[in-house]
Every structure is written in structure tokens, then in C-alpha cells.
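Structure assessment
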Amino acid sequence: QVQLVESGGGLVQAGGSLRLSCAASGRTFSSYTMGWFRQAPGKEREFVAAIRWTGGDTYYGDFVKGRFTISRDNAKNTVYLQMNSLKPEDTAVYYCAARYMDYAEYDYWGQGTQVAVSS
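Residues numbered from 1 in each chain as written. Predicted model: local features only at pLDDT ≥ 70, side-chain atom pairs only at ≥ 80, totals over all residues. Heavy atoms only, no water.

A few words on the side chain of arginine 72. Secondary-structure assignment places arginine 72 in strand E7 (residues 68-73). Here arginine 72 is buried and forms no salt bridge, its nearest opposite-charge partner aspartate 73 lying at an N-O distance of 8.4 Å. A polar contact is formed between the side chain of arginine 72 and the backbone oxygen of phenylalanine 29, at a distance of 2.9 Å. Looking at arginine 72, its side chain comes within polar contact range of the main-chain oxygen of tyrosine 32, at 2.8 Å. (Helix = DSSP H or I, 4+ residues; strand = E, 2+ residues; numbered from the N terminus. Buried < 20%, exposed > 50% of the residue type's maximum accessible area, 1.4 Å probe, protein only. Lys, Arg positive; Asp, Glu negative; His and termini not counted. Salt bridge = Lys/Arg side-chain N within 4 Å of Asp/Glu carboxyl O. Polar contact = N/O pair within 3.5 Å; in protein donor to acceptor, adjacent residues only side chain to side chain.)

Right under this line is the structure:
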């Protein structure tokens, strides 16, 4: 089992920045590809970013457009999402997720952290 706990959400004005953190415990963190997803009220969950277990490859949703950066610190068992130039449409609950190496499905999910961006 892998337990994931997100933190760092909050209320920010448009154009501001937030850094989300996701602390993992359990099995070997470095063997897991980590992802961030988000879900806004009334909308489906959407992919935000992922960083491969090797650490060298990162992936982003189309809407990110260079505003967000995902990174990981294996020594701290933590993955981060730096979000800059935030927009009101970024308002959502952000979830951290983990999947073993290059497996297709994310098997572990955090409880989510709320991000609200005011205009």
C-alpha cells in the first residue's frame, strides 16, 4: 500500500502562485510514477501533470501551457506541483496519485487539496 497526503492548497488571487506537495509513505516511492489530477465542481476529473518513476520524464495537460511544473524529491518521498500564473478556471480539488513504474492505472490516490483562485 501507498498512502498519499496532499498539502499546500488555498485561496490565491489570479496571477498568483501555489506549490502543492504530496507526501508518500509505504512502499518504495522511487518505483512509482506520480501524477496530479484535478476536479472542479460539476466537471470530470482531468489530468494535470505526471513525472515518471525514473524522474527524467514529465507530462502535462494541454491547459497547463508552461504555467505548472511537477517535480519529485525521492529522499523526502514527496512530489510537488508548482503552479504559477493561476487563473480562476484552475479552481478545483487537486489530487495526487501513484502508479507502479509504467503501469497503466493509478492505483493510489490522496484525499485532495482545495485550490481556489479569485478573479
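Once the structure has been displayed, the description carries forward.
Counting residues in hydrophobic clusters, the biggest one holds 29 residues, and the most contacted among them are Leu4, Met34, Trp36, Val79, Leu81, Met83 and Tyr94. Taken together, the elements giving at least two residues each to this core come down to strand E1 (2-7), strand E3 (18-26), strand E4 (32-39), strand E5 (46-51), E7, strand E8 (78-83), strand E9 (92-100) and strand E11 (113-118). Sequence-distant contacts of leucine 81, that is, excluding residues within four places in its chain, are made with Leu18, Arg19, Leu20, Trp36, Val48, Ala49, Phe68, Thr69, Ile70 and Tyr94. (Core = buried A, V, L, I, M, F, W, Y, C linked by side-chain atoms within 4.5 Å. Contact = heavy atoms within 4.5 Å.)

In this section: the state of the cysteines. Here a disulfide denotes a covalent bond joining the sulfur atom of one cysteine to the sulfur atom of another. Taken as a whole and assessed by the stated rule, the structure comprises 1 disulfide. Between the sulfur atoms of cysteine 22 and its disulfide partner cysteine 96 the distance amounts to 2.1 Å. Of note, the bridge from cysteine 22 to cysteine 96 carries an S-S torsion of about -80° and is left-handed in sense. A residue pair is termed long-range when its members are at least 10 positions apart, and cysteine 22 in strand E3 and cysteine 96 in strand E9 qualify at 74 residues. Take cysteine 22 and cysteine 96: they sit in the same class, and that class is buried. (Disulfide = S-S within 2.5 Å.)

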